[in-house]
Each structure stands twice: as C-alpha cells, then as structure tokens.
Amino acid sequence: MRQRLSGIAQKAKNPRALLEEAGRYMAFTSAPRRFAVSGPGWAAVARGGQPLRDTGRLASSLVYRVTGSDVVVGSPLVYSRIQNRGGVIRPTRGKYLAVPLSTLTVSERRTKGPRDFANTFIRRGKSGRLIVFQKLSRGSIRPLFVLVESVKITARPYLTWTRADLEAIGRRWRALLAEGDD
C-alpha cells in the first residue's frame with residue numbers, strides 16, 4: 001500500500017500537495033483520534049491519570065513537514081519520541097532519577113524536584129529503595145520521591161501509519177487528483 005501511494009505521488013503533477021495532505025491527515029486526524037481513545041491499548045501510568053492525555057500538550061504539539069519526496073510527522077517536544085517508541089531513561093546528571101510519589105499533588109509531581117522541598121532527607125524504605133522524605137511539623141514525615149537508577153517507559157504508539165491510515169490517505173489523494181483533472 002505504501003509503495004502504491006508513493007507511486008501515485010511520483011506521477012502527480014503536484015506531488016507536494018499530496019504529501020501535504022498525508023501530513024495533515026496524520027498530524028490532525030489520525031494521531032489525535034488515538035489520543036482521544038487513549039491509544040490502542042496504551043499501558044496505564046503508575047502516577048495515575050490518562051496516558052499521554054493529562055495535559056493535552058503532546059497531542060496539540062503534532063506537526064508535519066514536507067521535504068522533497070518525504071513527509072515527516074512528529075512533535076518537537078523532547079519526550080515525544082520515547083513515549084511513541086518506548087525505552088529506558090537514565091539520569092544525565094547524578095546517579096539517580098527522582099520519581100514523584102502519590103503523596104505529592106499533581107502540580108507538585110509535574111513541576112518540582114527533591115531540591116524544591118525544604119527539610120528533606122534520604123532513607124531506605126521498607127522495600128529497600130532509597131526514598132526522599134520531608135520533615136513536617138510535630139515530627140511527622142512524608143515520602144516525596146523514590147530514587148531509581150533508570151525507568152522503563154512502555155511504548156505508547158501514536159504516530160504509526162496503519163493500513164486504515166494509508167487507505168484514508170489514498171482516498172484523499174484520489175479526490176485531489178480527480179479535482180486536478182477537471
């Protein structure tokens with residue numbers, strides 16, 4: 001199917017218009033549809049919430065670019081690739097990643113790190129993992145972050161060119177080519 005579409009684009013008087021249509025369809029119809037239904041079986045996230053949908057930032061960042069005989073669809077956001085393909089995240093500075101715990105508010109989980117909290121200390125929890133705690137008034141403490149050497153991100157594909165996508169693009173291309181024949 002992909003080869004057939006490529007052949008159609010090569011024969012068209014204005015192949016760029018066809019590639020623009022494919023990019024528009026993928027960035028503004030197909031991928032947003034996947035976000036709307038939480039993808040085809042996207043894994044749940046440990047922090048709760050809806051995978052890739054909590055803020056809507058990734059879905060609204062999708063763009064496409066036509067260069068020569070190619071169309072590239074993606075997002076400029078730094079985390080988009082690992083969310084789409086999956087992978088392992090390791091610390092770039094220091095020895096550990098700080099994973100926020102559910103004791104933090106959603107806003108704190110998204111915007112704060114361990115150094116943003118006063119009166120913190122690190123101890124091993126019952127599970128043996130390193131945990132960043134905060135001393136509160138009257139001697140109470142609350143766990144803030146667990147420190148880990150790496151985190152595995154499960155792939156949540158939202159930029160896949162499915163057979164249904166290619167068929168829809170083919171229909172759009174045929175309509176564009178028919179308009180050009182008039």
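Predicted model only: the values in this text are computed from it and were never measured.

## Section: the packing of aromatic side chains
Ring pairs (aromatic) are described by centroid distance and by the angle formed between their planes.
Part 1 of the argument: Under the counting rule described, the total for this entry stands at four aromatic pairs.
Part 2 of the argument: Measuring from ring centre to ring centre gives 6.0 Å for F28 and Y64, while their planes differ by 75°; the resulting arrangement is edge-to-face. Placement of the pair is F28 in helix α2 (residues 15-36) and Y64 in strand β1 (residues 63-67), with a sequence separation of 36 residues.
Part 3 of the argument: Here the guanidinium or amino end of K112 rests over the ring plane of F117, the centre of that ring lying 5.8 Å away.

## Examining α2
Part 1 of the argument: Taking 1.5 Å of rise per residue, 22 residues should cover 32 Å, and α2 covers 31 Å from first to last C-alpha, within 8% of that figure.
Part 2 of the argument: Its maximal kink placed at M26, α2 deviates by approximately 35°.
Part 3 of the argument: Just downstream of α2 lies S38, where phi reads positive at about 55°.

## Section: the sheet that holds strand β7 (residues 141-148)
Part 1 of the argument: Pairing is antiparallel in the open sheet, where four strands are placed in the order β4-β7-β6-β5. On the outer flanks of this sheet lie β4 (97-100) and β5 (120-124), each paired with one strand and no other. Strand after strand, the sheet turns through a mean of 35° between neighbouring axes, direction not considered.

## Observations regarding the confidence of the model for the protein chain
Part 1 of the argument: Considering every residue of the protein chain, the mean pLDDT works out to 87; 90% of them sit at 70 or more.
Part 2 of the argument: Model confidence for the protein chain, summarised as mean pLDDT per element, is weakest for helix α1 (residues 2-11) at 62 and strongest for strand β6 (residues 130-135) at 97.

## Describing the pattern of salt bridges
Pairing between side chains becomes possible if they bear opposite charge and their charged atoms approach one another.
Part 1 of the argument: With the rule as written, the count across this model stands at seven salt bridges.
Part 2 of the argument: Taking the shortest distance from any N to any O, the salt bridge between R16 and E20 comes out at 3.5 Å. With R16 and E20 both in helix α2, this residue pair falls four residues apart, about one helical turn.
Part 3 of the argument: Note that R172 is salt-bridged to E21, the shortest N-O span being 2.8 Å. One end of the pair, R172, is in helix α6 (residues 163-181); the other, E21, is in helix α2, and 151 residues separate them in sequence.

## A short note on the pairing of β5
A regular strand carries its side chains on alternate faces of the sheet.
Part 1 of the argument: Relative to β6, β5 runs antiparallel, the two sharing five bridges. Residue T120 lies in a different strand from β6, and its bridge partner there is Q134.

## Digging into the environment of Q134
Part 1 of the argument: Residue placement: Q134 occurs in strand β6.
Part 2 of the argument: Considered as a pair, Q134 and F145 are eleven residues apart in the sequence and their alpha carbons are 9.7 Å apart.
Part 3 of the argument: Residues in contact with Q134, not counting those within four places in the same chain, are F117, A118, N119, T120, S140, I141, R142 and L144.
Part 4 of the argument: Here the side chain of Q134 touches A118 through a polar contact of 3.2 Å, landing on its backbone oxygen.

Here is what the cut-offs are and how they apply
Residues numbered from 1 in each chain as written. Predicted model: local features only at pLDDT ≥ 70, side-chain atom pairs only at ≥ 80, totals over all residues. Heavy atoms only, no water. Phe/Tyr/Trp six-rings, centres within 6.5 Å; stacked < 30°, edge-to-face > 60°. Helix = DSSP H or I, 4+ residues; strand = E, 2+ residues; numbered from the N terminus. Lys NZ or Arg CZ within 6 Å of the ring centre and 35° of its normal. Expected span 1.5 Å × (residues − 1). Bend = angle between axes of the 7 residues up to and from the residue. Pairing = 2+ DSSP bridges. Axes fitted to C-alpha atoms, helices over the stretch in contact; angles between N-to-C directions. pLDDT = per-residue confidence, 0-100. Salt bridge = Lys/Arg side-chain N within 4 Å of Asp/Glu carboxyl O. Contact = heavy atoms within 4.5 Å. Polar contact = N/O pair within 3.5 Å; in protein donor to acceptor, adjacent residues only side chain to side chain.

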